[in-house]
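# Observations on the three-dimensional arrangement
Chain by chain, the residues run as shown.
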Amino acid sequence: MLLRVEEIYDFAARILSETRFKHTLDVADWAEKLAKHHGLDPVKARCAGLAHDLAKELPMKDQLSLARRWKLLHYPEDERYPYVLHGPLAAYWMEHYYKVEDTEILAAVASHTLGRPGMSQLEMLIYSADLTEPSRDFPKVDNLRQSLYDDLGKGTLACVERTLIYLRESKRPIHPLTQLTYEDMLRRLNLGT
Ligand SMILES: [Fe+2]
Ligand SMILES: [Fe+2]
C-alpha cells in the first residue's frame, strides 16, 4: 500500500474539524476492533475508517462540482441531496491524488453513507462502524453494536434497517441505493451467502 495509515491519519488531522476528527478516530478504532474480531484485515479497516469522512467538510457546492467533474453522479438524488456524495468523493480523491490502490478500502470509503448492493465485508464494517461508533447515542445502539460483534452480516442488515426507519420517521428522503442495499442484504442473509 503506497499510502500508510499514518499519512491518512495526518491528512485527516490537518483538514478535518476537531469534532469530525474525533468521530473519524472513533470509527477507525471501532472498525479495527470489529475487523480483528471477524478475521478481517485490521489495517485496511483502520485506513478506511480514517479516510471515510475526508471530503465531508468541503463546502456543498464544491462537493457537487467535484462530483460532476469526476463523474460521480449516478442518481437524480445525488444532485438533490449532495450530502451523500462525500464518500465517493473521498474515495476518488484517495485513488487519484493520493494513489491509494487498494480497491477494498476505496469501496468501503465510497459506500459508507448509502451502502450498495453486493457490499464486501469491509464495506459492511465501515458502513456499520460509522453508525455505531462509541460516541453515537440513540435508542438501542448497544443492541446494534452487539449484533455487529455477533454476526457482521446480520448486524449490518440491522444497521441499514435502523437507518431506513430513522429516515422514514424523520420524513427525510431515502436514497434508492440504501433501499437497494437493504433488499440485497436481506436476500443474501436468507440465501446464506
Ligand atoms: Fe460520512
Ligand atoms: Fe462518518
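What this report covers is the structure whose coordinates are included nearby.

Cut-offs and rules
- Residues numbered from 1 in each chain as written.
- Chains lettered and ligands numbered in written order.
- Predicted model: local features only at pLDDT ≥ 70, side-chain atom pairs only at ≥ 80, totals over all residues.
- Helix = DSSP H or I, 4+ residues; strand = E, 2+ residues; numbered from the N terminus.
- Rg over C-alpha atoms; globule rule 2.2 N^0.38 Å.
- Buried ≥ 20, exposed ≤ 12 C-beta atoms within 10 Å, placed from the backbone.
- Contact = placed C-beta atoms within 7 Å.
- Core = buried A, V, L, I, M, F, W, Y, C linked by C-beta atoms within 7 Å.
- Arc of directions from axis to C-beta.

Attention now moves to the overall build of the protein chain. Helix and strand counts for the protein chain stand at eleven helices and zero strands. In terms of overall dimensions, the protein chain is globule-like: its C-alpha atoms have a radius of gyration of 16 Å, near the 16 Å expected for 193 residues. In the protein chain, which comprises 193 residues, the share counted as buried stands at 40%. Considering only contacts within the protein chain whose residues lie at least 6 apart along the sequence, 59% involve residues at least 24 apart.

Another point: the environment of P76. By the secondary structure assignment, P76 is in helix α5 (residues 76-80). Spatially, the C-alpha atoms of P76 and V100 are 29 Å apart, while their sequence positions differ by 24 residues.

Glancing now at the nonpolar core. If you look at the biggest cluster of nonpolar residues, it comprises 48 residues, and the most contacted ones within it are A31, A48, A51, A90, V109 and L125. Of all elements in the fold, only α1 (5-15), α2 (18-38), α3 (42-51), α6 (86-97), α7 (103-110), α8 (121-132), α9 (141-150) and α10 (152-169) reach the threshold of two or more residues within this core. Tallying contributions element by element places α8 first for this core, with seven residues. Setting aside anything within four residues of it in sequence, one finds A48 in contact with A31, I105, A108, V109, L122 and I126.

Further remarks concern α9. When α9 is considered as a whole, its buried residues turn out to be L144, R145, S147 and L148. The arc that holds the buried residues of α9, viewed along the axis, is 165 degrees, so those residues lie on one side. Opposite the buried face of α9, by more than 90 degrees, sit the exposed residues D142 and D150. Looking at the buried positions of α9, the neighbouring elements they touch are α2, α8 and α10.

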